Amino acid sequence: MRTEYRFKCPLVNGLHARPASMLAEAARAFTSAIVLRKTCGTAADLRSVLSLVGLDVKFNDECVVEIEGDDAAACRVALVDLIEHRLAQEDEAAAREVQSAAVASVLLPASLERLHPRVVGGVGVSPGVGHGDGVRISGLTLTPEQVAARARSPVEELAKVRVATAALRDELSRRAISSTGIERELLGAHASIATDPALLGEVERAIDGGATAVQAVASAASQFCGRLGKATSAYIRDRVVDVQDVAMQLLTRLGGKQCASCGVTLSGPSVVLAELLTPSQLLGLDRTHLRGLVLGQQGATSHTVILARSMGVPAIIDAAVSEVPAGRPIIVDGGRGVALVEPSEAVIHWYERASRVDAQRAERLSPLVRGIAATTDGIPLEVGCNASGPDEVSRAMQAGADGVGLLRTELLFLDRETPPSEGEQFDVYAQVVRAAGGKPVIIRTLDIGGDKPAKYMDLPREENPFLGQRGFRLYAAYESLVRDQLRAILRASALGPVKVMAPMVSIPAEAASFRLMVDQAKASLAREGTAFDPATQVGVMVEVPGLALVMDQLCRHVDFVSIGTNDLAQYTFAVDRGNAAVAPLHDVRNPAFLRLLRLIVVGARGAGCWVGVCGEMGGDAANVPLMLGLQVNEVSGAPGAAGTLKLAVRSADGASCRALLDHACNCEGSADVLSLLSSGSWRARTVEPVTAPDFIEVDVDAGSKEDAIRHAVERLYVLGRTDQPDEVERAVWAREVTYSTGLGYGFAIPHCSASAVSCASLVVLKLANPIEWGSTDGQPVRIVLLLTVPASDQGGTHLKVLAKLSRKLMHEDFRASLMDAARPGDVYAVLAQALGL
Amino acid sequence: MKIVAVTACPTGIAHTYMAAEQLQKTATAAGHTIRVETQGAMGIEDELSRQDIADADVAIFAVDIEVEHRDRFAGKKIVQVSVKEAVKDPKAVLAKAGVMVG
């Protein structure tokens, strides 16, 4: 008989290994065939723990258990009881027992974990690895002498403050003129805080009340910070650090060098530890010695973090900074979001090797990231970068970006008294265009509104700034400001290909009027005889859902559109993604959103309009199949992301991506879309060989099983077979713990099936010294064969090759010839002959 | 002895085939006839027919997961071992089968 049972996954952490084995265990008591199927169609044998885990069932996913056989009825009763009553509880109970050990192990690869590093966790905000001694920088604190000091007359104290603020303002302005990019904007912003009337008003009041100049500045700053810190907007909260920064500089001027928190000098390679680091503290540090930042309450959108990223300094936030000792060596791993305190020689070596491996990979893959990437069936996808200034653009170009998909200009306008002049803007845009080296740059005009106020614009307070006067909606009221910016952008077009784009356009008529503004700016430049490119393309952001319905009309007025997926999703689902209570609804893989994107792209392409995607969705390599399915012209991501995005494009099959998108649009939720993506059906049926002489290494110096596995996985990474070595390493270990892959006779065959692998691969390591592997015959291992297969591979020729290899390994003569082969070429010859490669 | 066998491991990439090869090789060397079905990542290969099973004296399951279409073996003498045992010591597995046949 046949029966089935439908349920929603009750496990908060999804169907991971532990509950999967409970299910498999229960199923083994019966003879019926039992399959667990997700509503999107993928299925697994309920008795196979690995395939259950591979289904990737998430909390509340809809599933059905299909049971067929003689004891189906009894089996159903047992499974319903388990799923409804015991599964979630028993899993939680078991989870509590292992919780304490799990924290660090989920973060780090096994080969690093076994070195038992002392780990302080955080959130990575600027990628890369830095190694140096910890140097602590603390916030606003006065020395006991400063606290006890008595004021002279209020007139004298006030005079001191006036002298100090004037001098600080002059110095900041001077430094601003001689610097560039974000740094310049920031110094300008700080000059304006230093002379802020509200701040000085607080200082005066404190002095009238009998405080010294030093005490008054400290108390005014802390009051101000207190108020800003209570703001609901994270963007405003993050300005606290700017006020602290200016106050600290004032205190230095007022109190000389005794101020404890100022004047930190780095004497060698250093990692700075701070709860909050102000941007000028960061700028004041010697960059030749600065290796990384471990920060506490710093906001992810603070100027300090933006600066660190543009300077390429690895940084983590949300770390328990007080647990990190100063004066001791520290490694900051911005990619994994951890700091490693007092790393051992072995940990240092691990990172040194990782960095060599990164360099090898970059060199090997550099031909693949040059030029515009295309799928195996020839569908091109340009990969641009999102940037705020010339530094980021330079790094993106080095990483292989095909252009700048979005140059944000807001940083030029915020935190200052007056808007930037046309000349000042032109300087910045010109630097960006030069940094792009002849590749196209899309410059977005000012995207400002109630949430990002600029003083000189005097924007009204609004109940709902995101539904109020933002972006293009303000342009009519600030004609001269928009004209200056358009003129500056057009002047930059004389130096290289530039496109201009307006944010927050809601109806086609607004696009028409933006084009008119651009035409007027062109006319004024032409009258003056100023150089610009008359063919400069005009486009708009698509971030308001209504535009999707009138793309034909919109495209009459523009040359291109770029989809801002962050705001578009926010307006589509009516959700503020900064609000944790509702943020999960902001889901770009939701089929509703995919259908909306499809409407936009089909509309635009029907009108012959170029389409880019500049939101976070486009910059995530996991979404490349969706982007190819949509047939957009370009995606734009973080400055360092181009290589990974291009490799994903190159490994894809365009036709399969289009089929995947159709399928995804018909799924009922984003969980099903995710499993479609991880099924790998979008990948090209590869003709890449399973192995080759450069997949084989001899005389490998590995000290342990963990080392050897890491080493082999790194080889895959260098060869471009995976871009997530940590994931592959984890999958290999997940298999290894069921029972050792040491098969005896000095051989081990670690293996896995993982979606992080692009095609079936065999890496061979011949070890210089035998290592312990837990083999069945107790013998140490001399030859390691790493077999990795993409999760989607269901019976290609590659699997046959690997199966043949496994059989061959049971034969003594084959093992002997592998043992005897001395060089990679010899090993390859043995494999090629035996396996028919 | 006439033997039929099924091998199946969780990932179905390596051990399924190593166990199959060990059983095949060892049984043939000892003068038995054997047919081995693999249930791996490529699905079922060298599938055993009803006749193969009917003719056999004993069935060996070297598996870490459930055998697919187990009903084919109803009423048959079955020796079940882990994949690991078959890879490590196929002779011992054959000896168990010999005992079962009697």
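Analysis parameters
Residues numbered from 1 in each chain as written. Chains lettered and ligands numbered in written order. Predicted model: local features only at pLDDT ≥ 70, side-chain atom pairs only at ≥ 80, totals over all residues. Helix = DSSP H or I, 4+ residues; strand = E, 2+ residues; numbered from the N terminus. Expected span 1.5 Å × (residues − 1). Buried ≥ 20, exposed ≤ 12 C-beta atoms within 10 Å, placed from the backbone. Pairing = 2+ DSSP bridges. Contact = placed C-beta atoms within 7 Å. Nonpolar A, V, L, I, M, F, W, Y, C, P; charged D, E, K, R; others polar. Axes fitted to C-alpha atoms, helices over the stretch in contact; angles between N-to-C directions. Parallel < 35°, antiparallel > 145°, perpendicular 65-115°, else oblique. Left-handed = near helix turned anticlockwise from the far one by under 90°.

Quick word on helix α33 (residues 824–835) of chain A
Here is step 1: Between its first and last C-alpha atoms α33 of chain A spans 16 Å; for 12 residues at 1.5 Å apiece the expected length is 16 Å, and the two agree.
Here is step 2: Taken from the residues just after α33 of chain A, Gly-836 of chain A is the one with a positive phi, measuring 70°.

As for the pairing of strand β1 (residues 2–8) of chain B
Along any regular strand, the residues point their side chains to alternate faces of the sheet.
Residue and element names in this part refer to chain B.
Here is step 1: Across the seven residues of β1, six count as buried, placing the element largely inside the fold.
Here is step 2: Here β1 runs beside strand β4 (residues 58–63); their pairing, made up of six bridges, is parallel. Bridge pairing in β4 links Val-4 to Ala-59.

Some points on unusual backbone geometry
Residues and elements named next belong to chain A.
Here is step 1: Positive phi outside glycine occurs at Glu-342, with the angle close to 45°.
Here is step 2: Within the secondary structure, Glu-342 is located in the loop between β12 (338–341) and α14 (345–369).
Here is step 3: Phi at Ala-574 takes a positive value of approximately 55°, unusual for a residue other than glycine.
Here is step 4: Within the secondary structure layout, Ala-574 lies in the loop between α22 (565–573) and α23 (591–606).

Some words on the interface of chain A and chain B
Here is step 1: Contacts between the two partners involve 28 residues from chain A and, on the opposite side, 20 residues from chain B.
Here is step 2: Looking at the side of chain A that touches chain B, the elements that each hand over two or more residues are α2 (49–54), β23 (742–744), β25 (751–754), β27 (781–790) and α31 (797–808) of chain A.
Here is step 3: Examining the composition of the side of chain A that touches chain B, we find that six residues originate from one element, α31 of chain A, more than from any other.
Here is step 4: Residue classes in the side of chain A that touches chain B are distributed as 13 nonpolar, nine polar and six charged.

Focus: the packing of helix α1 (residues 15–29) of chain B against helix α4 (residues 90–101) of chain B
Residue and element names in this part refer to chain B.
Here is step 1: Running from N to C, α1 and α4 cross one another at 70°; their axes reach a closest spacing of 9 Å. Of the possible angle classes, the one that applies to α1 and α4 is roughly perpendicular. Here the hand of the crossing between α1 and α4 comes out right-handed. The residues of α4 that touch α1, namely those facing Gln-22, Leu-23, Thr-26 and Ala-27, are Pro-90, Lys-91, Val-93 and Leu-94.
Here is step 2: A class-by-class count of the residues in the contact of α1 with α4 yields five nonpolar, two polar and one charged.

With respect to the sheet that holds strand β2 (residues 33–38) of chain A
Residues and elements named next belong to chain A.
Here is step 1: Spatially, four strands are ordered β1-β4-β2-β3 in an open sheet, and the strand pairing comes out antiparallel. Each edge of the sheet is formed by a strand with only one pairing partner; in this case those strands are β1 (2–8) and β3 (43–45). Taking each pair of neighbouring strands and ignoring which way they run, the sheet shows an average axis angle of 20°.
Here is step 2: As judged from the seven bridges shared by β1 and strand β4 (residues 62–68), these two strands associate in the antiparallel manner. Among the inter-strand pairings, Tyr-5 is bridged to a residue of β4, identified as Val-65.

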